[in-house]
Amino acid sequence: MEATEKTISDQKPQEHGMEEEEKYVLGFWLFLASDLVLFASLFATYLVLRTHTDGGPTEAQLFEIPVFMLETFLLLTSSYTCGLAMHALKNGHARRLIGWIAVTVLLGLAFVGIEINEFITYSSEGATMQRSAFLSAFYALVGTHGLHVSLGIVWLISVAIQLMRKSIQPTTARKFINAGLYWHFLDVVWVMIFTVVYLMGVMG
Amino acid sequence: MGDDFYSRVSDGGDGMKTKEPLSGKYTGFPWGHVIGYMGSILLTLVALWLAVNPPFSQGGIITILLVLAVLQILIQLIFFMHITESRGPAFHTLAIVLGFLFTFAVVAGSIWIMTFNSQVQ
Amino acid sequence: MVHQIVEYLRNADPLIQMSAAAIVLTLLGIIFALTYYKKWRWLWREWITTVDHKKIGIMYLICALLMLFRGGVDALLMRTQLAFPNMNFLDSQHYNEIFSTHGTIMILFVAMPLIFAMMNIVVPLQIGARDVAFPFLNAVSFWLFFFGALLFNLSFVLGGSPDAGWVSYPPLAELSHSPGPGINYYVLSLQISGIGSIATGINFIVTILKMRAPGMTLMKMPLFAWSVLASCIVIIFAFPPLTVALALLGLDRIFGTHFFTMLHGGNPMMYVNLFWIWGHPEVYIAILPVYGILSEIVSTFSKKYIFGYKSMVASLMLISVISYFVWVHHFFTMGAGPGVNSFFAVASMAVGIPTGVKVFNWLFTMFRGRIRVTLPMLWALAFIPCFVIGGATGITLASAPSDYQLHNSYFVIAHFHQTLIGGAVFGLLAGMYYWWPKMFGFKLNETLGKWAFWFFNIGFYVCFMPQYALGFMGMTRRVYTYPAETGWGSLNFISTVGAYLMGIGFLFIVVQVLYSIRYGERDTTGDPWDGRTLEWSLPSPAPHYNFAQIPTINGRDAWWEMKQQRKAGSLVSENELKPIHMPNRTPLPFLMSLAFFVSGFGLVFNQFTIATVGLIGVIVCMLWRSLEDDRGYYLSVDEIKQTEASVRGA
Ligand code: HEM
Ligand SMILES: [Cu+2]
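Throughout this description, residue numbers start from 1 for each chain and increase along the sequence as written. Working convention: letters from A go to chains and numbers from 1 go to ligands, in the order in which they are written. Given that the model is predicted, a residue must reach a pLDDT of at least 70 before its local features are reported, and side-chain atom pairs must reach 80 or more before they are shown or counted; all residues, however, enter totals for whole chains, interfaces and linings. Side-chain measures were taken over the full set of non-hydrogen atoms in the model, leaving aside hydrogen atoms and water.

Chain B is annotated in an unreviewed UniProt entry as Cytochrome o ubiquinol oxidase operon protein cyoD from Thermoflavimicrobium dichotomicum. UniProt positions are given in the numbering used here, feature names are shortened, and annotations may be inferred rather than shown by experiment. One UniProt comment on chain B, placed under Subcellular location (unreviewed entry), says "Cell membrane".

Quoted verbatim from the Subcellular location (unreviewed entry) heading of the UniProt record, the comment on chain A is "Cell membrane".

Written out as structure tokens, the structure is:
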């Protein structure tokens, strides 16, 4: 990189090598650590309020095993395909990378769709966010995760567009690395939701 | 992220054209990812099975479920997020460890503090 | 919404109508002045679109001082009302609004931006960096803070101020008990500025970890940078619980959920719990950088290396972690039970140990030092006893049984003002005086500064010492008046006198600044205090790229050592200059925060169309940023040479 002194226009600025990009990756890890505590607060609220059903629907009455299992598999698989995208990036296969991103996005969309459907079903059964403290906390926790996933989808799409335009270079590589980290992180959170909300819910 | 990877990308590796891999280390079959994926599916099924047909007391099951969840998280962190790889000091690992410490403090602390609630309700 | 606002203004008390008019007039005045002197372009190019950490720091400082003025006026109004029994100066509603805005503003819009000001101005210079890690994000943080503060202050003229205390506990803060938009202002403005704070935390951690000059290992880093690192760690982990607490309270109020209501299973104490998971660490966010400031000042003006550097670092890190495990001491009286209360009592007292270590280290640094009592040193010296008393009364409160007696009494008020004024504000003023020449290129006048110092200090003790006694006598906080039979009259009167003395002190600071702009001693050397750390190696104010050449560091107090080497004639001469890469200025941070503001304003009045428009604006700005290819520009060697020649006066 430090080779020749050229003018700015015809080369990448000096400090824009991968070293520069590493700062973004560290910054993003810090964001994830912070976001983790955000979810921790929502989990804490859920766990404290989960028995406060006010005579309304309870976890065991609402949750349906096939639905949340499907959600779980979709998300786990999308995490895997996102990992394959990373593999493609490391091997320098831009097309494969974009392809795996597309698969990941589709799986993510399916997840969000099913979740929205789940919420609509509950609401139509009278289990709205306003019904009880338990339901408020449930929608807040699972909904925040869903929002994160939706944001992740938009982000992945935007990264894919940039990859199509500019192929793999330090900036786009970093953007994908961060978006990928984000995507896997949402799986980390989902695993806890799966266990604490759904499994412990159906156990009663 | 691996050392070679960074240096290769900083060389301005134009992946669209270069068919050769960025570094030898990553070629071939993505074993790590496959193992991770299999593991996560397996753990999910085990957890579901335990929750639906609890073989013993609830308290014990919940503990096991939480252990399984922790394993799942480790899979994501290690096989997919490659938290163990870094160039230079692993500040990001430290951050995530602290994040989990505080997560534990917030969740366990809140439950403990708010148990008074079950007495007054 | 317009209707609601007009209605509110029509029925408002004359005091509010008058201030509304005054604000509108001032705004018009500013707009006129900017137009008349053709300064719009300058404002836009040099400030609003800047990504330079030094300018951002200065903007934080200006906003913080303005907010300090507003918070101070609030304080004086309250103290006037309390000066005598049965006063009729403020009614109860007014009093409630004023203590709520006072508390919120002082903590979030004075203490926080003062800290961010110091961080921004000093950290990159101290560690030999050309900017922070993410200059764009830094500008975003500032503008989010700015618009958060603006939204909060707007409540004063539009629709009614929040009136449920700076903590806004439910159920009082719920729609059922506070139907107006007041609490919405609180929720949304804190939310907006809170996002900015988290971003700042991330930004500075990365800056400190990744951008130090070559040779500056972590253990050679100045203590101020360490303290900022500690504070930022607390920021990124403590703010999310606040975000959640506020979001859920907002959902309760705007969407009718039941997290913290008294109905349908809600639990108000869960808000209290979440609030203090943030709230206690928050006071450490404010005080940790002050420890760093103290270390720099004490060492510089004692002409000694800091005593016990390693123990200083260790105690900073320890405090940042322990402070996360003490939050229940703010609601011992909830009655969580002996187990919980004992744990949190012991943890709270444990924080005293590393704090004690720091105090002793400062004292040992001064011991046998060649002490120069300049303005920064004066404030630092005043800090130490004041903060020690604050700490001692804190330990008193941390003991759960005595807290049952003292909770929500004036003892608490006295305690936290002692730590927040005697600690945070004294320390930050010390820092402001210390780095002022670096920011603006001139010193602040000493004589006027001494007047300010003595008024403020004496005023402080006169104001708050009586309040400890009032607490013991049973006076509770947040009461707007009291009958004469309580016998609280005389002590309250003394306290009010003290408050006015502090007010005079503040005025002296204002005069001092205005006077010094014209007549203050110019700093031509860049090193007016004979400093020890890298920021003093630069001209004052520093050129926009900071370092023409990034220095190589060999030891702690790097600049001090370079000076010694130079004296000994052994400093190797500098190698040649290279072009410097700089980030471009950009309007996006401003526009994005403006969009946040619009969205927040819409939500305050339950206007979902406006809120959505704002949110779309935010998303558009983000996508724009993500897709634009902004690679910055290069500063050529010639330009650098020219700038260096002009700033170094060579
Ligand atoms: C000129 C100096 C100051 C004076 C005279 C003053 C006076 C007061 C008074 C009279 C109250 C209300 C007590 C009550 O009725 O409960 C109060 C509350 C408060 N003050 Fe100050 N104050 C000053 C500076 C500060 C500063 C610098 C901070 C923080 C950095 C601060 C933070 C607070 C907080 C958090 C509250 C609690 C508000 C609430 O009850 O919700 N004050 N102050
Ligand atoms: Cu506290």
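1. Quick word on the overall build of chain B
By the criteria applied, helices consist of DSSP H or I runs no shorter than four residues and strands consist of E runs no shorter than two, each listed in order from the N terminus. For chain B, the count of helices and strands is five helices and zero strands. Ordering the α and β elements of chain B from the N terminus gives α-α-α-α-α. Think of it in three bands: with a 1.4 Å probe and only protein chains considered, a residue is buried below 20% of the maximum accessible area for its type, exposed above 50%, and partly exposed in between. Of all 121 residues assigned to chain B, the portion counted as buried reaches 46%. Any two residues having at least one pair of non-hydrogen atoms within 4.5 Å are treated as being in contact. Partitioning the contacts of chain B with sequence separation of at least 6, the portion at a separation of at least 24 is 50%.

2. Re the coordination of the copper ion (ligand 2)
Nitrogen, oxygen and sulfur within 2.8 Å of a metal are treated as its donors, or within 3.2 Å for sodium, potassium and calcium (Na, K, Ca); water is not counted, so a site can appear incomplete. Taken together, the protein donors to the copper ion (ligand 2) comprise H280 of chain C (ND1), H329 of chain C (NE2) and H330 of chain C (NE2), at separations of 1.7 to 2.0 Å. The exposure class assigned to H330 of chain C is partly exposed, which follows from its relative accessible area of 22%.

3. Description of the domain arrangement of chain B
The extent of an interface is frequently quoted as the accessible surface area lost upon association of the parts. All names here are of chain B. Boundaries between domains were set according to an automatic or database domain assignment. Looking at chain B, the domain boundaries give domain 1 (3–88) and domain 2 (89–121). Of the residues lining the interface, seven residues belong to domain 1; the matching set on domain 2 comes to six residues. A 1.4 Å probe defines the accessible area here, and the buried area is the portion of it lost by two parts on being joined, summed over both. Note on domain 1 versus domain 2: buried area summed over both sides is about 460 Å², and carbon and sulfur give 74% of it. On the domain 1 side of the contact with domain 2, I83, S86 and G88 bury the most area, a combined 72% of that side's loss. Any Lys or Arg side-chain nitrogen located within 4 Å of an Asp or Glu carboxyl oxygen qualifies as a salt bridge. Put simply, domain 1 and domain 2 have zero salt bridges between them. Only Asp, Glu, Lys and Arg are considered charged, only Ala, Val, Leu, Ile, Met, Phe, Trp, Tyr, Cys and Pro nonpolar, and every remaining residue, Gly among them, polar. Across the side of domain 1 that touches domain 2, the residue classes tally to three nonpolar, two polar and two charged.

4. Concerning the nonpolar core
To define a nonpolar core, start from buried Ala, Val, Leu, Ile, Met, Phe, Trp, Tyr and Cys residues and group those joined through side-chain atoms within 4.5 Å. Within the largest apolar cluster, 298 residues are counted, with the highest numbers of intra-cluster contacts made by F63, F138, F176 and Y198 of chain A, I113 of chain B together with W362 and F383 of chain C. In this structure Y198 of chain A touches F63, F68, E71, E118, Y122, F138, V142, W190 and I193 of chain A, once residues within four positions along its chain are discounted. Ranked by size, the runner-up nonpolar core spans twelve residues in total, among them Y95, L470, M475 and Y482 of chain C.

5. Concerning the site of ligand 1
Residues and elements named next belong to chain C. Around ligand 1 lies a shell of 23 residues, among which Y95, H102, W166, H417 and R478 are the nearest. What qualifies as a polar contact is a pair of N or O atoms within 3.5 Å, subject to a donor-acceptor requirement within protein and to the restriction that residues adjacent in sequence count only when both atoms come from side chains. Within the backbone of W166, a nitrogen or oxygen atom sits 2.8 Å from an oxygen atom of ligand 1. The contact in question runs from an oxygen atom of ligand 1 to an N or O atom on the backbone of R478, over 2.4 Å. Broken down by secondary-structure element, the contributors of at least two residues to the shell around ligand 1 are α4 (53–82), α5 (92–126), α15 (410–440) and α17 (489–519). For the shell around ligand 1, the element with the highest residue contribution is α15, accounting for seven residues. Broken down by class, the residue content of the shell around ligand 1 amounts to 16 nonpolar, four polar and three charged. Here a residue counts as near a molecule or strand whenever at least one of its heavy atoms sits within 4 Å of it.

6. Observations concerning the interface of chain C and chain B
Chain C puts 22 residues into the contact, and the matching count from chain B is 15 residues. A buried area of about 1700 Å², summed over both sides, lies between chain C and chain B, and 83% of it is on carbon and sulfur atoms. Listing elements by their share of the side of chain C that touches chain B, those giving two or more residues are α8 (223–255), α9 (268–302) and α11 (338–350) of chain C. The residue inventory of the side of chain C that touches chain B, partitioned by class, reads 18 nonpolar, four polar and no charged.

7. Things to note about the interface of chain B and chain A
Opposite the 62 residues of chain B that make contact, chain A presents 60 residues. Between chain B and chain A, roughly 5300 Å² of surface is buried when both sides are summed, and carbon and sulfur atoms account for 76% of that area. At the surface where chain B touches chain A, the tally comes to zero salt bridges. Counting across the interface, chain B meets chain A through five residue pairs in polar contact (both at pLDDT 80 or more).

8. Side note on empty space enclosed by the protein
Residues and elements named next belong to chain C. Think of a 1 Å grid over the protein atoms and nothing else: a 1.4 Å probe that fits but is trapped marks a cavity, an open set flanked by protein within 12 Å on at least five of seven lines marks a pocket, and residues with an atom within 4 Å of a point count as lining. Grid points are joined across faces, edges and corners, and a volume is the space filled by probe spheres set on the points. Counted according to the given criterion, the structure contains seven cavities of 30 Å³ or more. In this structure, the second largest cavity spans a volume of roughly 110 Å³. If you go around the second largest cavity, the residues you meet are M221, P222, L223, S295, E296, S299, I306, Y309, R532, T533, R556 and D557. Partitioned by chemical class, the residues of the lining of the second largest cavity number five nonpolar, three polar and four charged.

9. Description of the UniProt feature "transmembrane region" (unreviewed entry) in chain B
Residues and elements named next belong to chain B. According to UniProt, the "transmembrane region" (unreviewed entry) feature falls on residues 31–52, 64–84 and 90–114. Helix and strand shares over residues 31–52 are 100% and 0% respectively, and the end C-alpha atoms of the span are 32 Å apart. As annotated, residues 64–84 has a helix share of 81% and a strand share of 0%, and its two end C-alpha atoms lie 25 Å apart.

10. As for the pattern of salt bridges
Residues and elements named next belong to chain C. Under the defined criterion, the tally for this structure stands at eleven salt bridges over all chains. As a salt-bridge pair, K55 and E46 come within 2.7 Å of each other at their nearest N and O atoms. Here K55 falls in the partly exposed class, since its relative accessible area comes to 21%. Accessibility expressed as a relative area gives 32% for E46, which makes it partly exposed. We note a salt bridge from K563 to D527, for which the minimum N-O separation is 2.6 Å. One end of the pair, K563, is in helix α18 (residues 558–567); the other, D527, is in the loop between α17 and α18, and 36 residues separate them in sequence. Like D527, K563 is buried. Within this structure, K303, D527, D530 and K563 form a network of salt bridges that share partners.

11. What about the packing of α15 of chain C against helix α16 (residues 446–472) of chain C?
Residues and elements named next belong to chain C. Only the stretch in contact is used when a helix axis is fitted, and all axes are lines through C-alpha atoms; the angle between N-to-C directions ranges over 0 to 180 degrees. Where α15 contacts α16, the two axes come as close as 7 Å, and the packing angle between them is 165°. By the criterion of interaxial angle, the relationship of α15 to α16 is roughly antiparallel. Both α15 and α16 take part in a crossing whose hand is left-handed. Judged by residue contacts, Y410, F411, I413, A414, H415, H417, Q418, I421, G422, F426 and Y433 of α15 engage G449, F456, N457, F460, Y461, F464, M465, Q467, Y468, L470, G471 and F472 from α16. Partitioning the contact of α15 with α16 into residue classes produces 15 nonpolar, eight polar and no charged. Working definition: roughly parallel below 35 degrees, roughly antiparallel above 145 degrees, roughly perpendicular at 65 to 115 degrees, and oblique for all remaining angles. Crossing handedness is read from the near helix: turned anticlockwise from the far helix by less than a right angle, it gives a left-handed crossing, and turned clockwise, a right-handed one.

12. Brief notes about a nonpolar patch on the surface
The residues that make up patches have over 30% relative accessible area and no salt bridge, and they are joined within 9 Å when like-charged or within 5 Å when they are Val, Leu, Ile, Met, Phe, Trp or Tyr. The method behind every accessible area is Shrake-Rupley, applied with a 1.4 Å probe, and residues are considered shielded solely by the protein chains displayed. A grouping of V67, V70, L71, L74 and I78 of chain B is seen on the molecular surface, where their side chains present a nonpolar patch of about 390 Å² in accessible area. Structurally, V70 of chain B can be placed in helix α3 (residues 58–80).

13. Topic: the coordination of the iron atom of ligand 1
Residue and element names in this part refer to chain C. The iron atom of ligand 1 binds to the protein through H102 (NE2) and H417 (NE2); the donor distances cover 2.0 Å. Given six donor atoms and angles of 88 to 179° at the metal, the environment of the iron atom of ligand 1 is assigned as octahedral. Highlighted residues: H102 in helix α5 and H417 in helix α15, separated in sequence by 315 residues. Assigned by exposure class, H102 and H417 land together as buried. Working rule for geometry: tetrahedral if four donors all subtend angles between 85 and 135 degrees; square planar for four, octahedral for six, if opposite donors exceed 155 degrees and the others stay between 65 and 115; irregular in every other situation.

14. Side note on the packing of aromatic side chains
A pair of aromatic rings is counted whenever rings of Phe, Tyr or Trp (Trp by its six-membered ring) have centres within 6.5 Å, and the orientation is called stacked for planes under 30 degrees apart, edge-to-face for over 60 and tilted otherwise. In this structure the tally under the stated criterion is 95 aromatic pairs over all chains. Taking 6.0 Å as the distance between ring centres and 55° as the angle between the ring planes, the aromatic pair formed by F142 of chain C and F145 of chain C counts as tilted. Note that F142 of chain C and F145 of chain C are positioned in helix α6 (residues 135–154) at a spacing of three residues, about one turn of the helix. Of the residues examined, F142 of chain C reaches a relative accessible area of 1% and is grouped as buried. Of the residues examined, F145 of chain C reaches a relative accessible area of 4% and is grouped as buried. Working rule: Lys NZ or Arg CZ, within 6 Å of ring centre, within 35 degrees of ring normal, means a charge sits over the ring. Positioned above the aromatic ring of Y24 of chain A is the side chain of R174 of chain A, whose terminal nitrogen or guanidinium carbon lies 3.8 Å from the ring centre. One cation-aromatic arrangement involves K39 of chain C over W42 of chain C; the distance from NZ or CZ to the ring centre is 5.3 Å.

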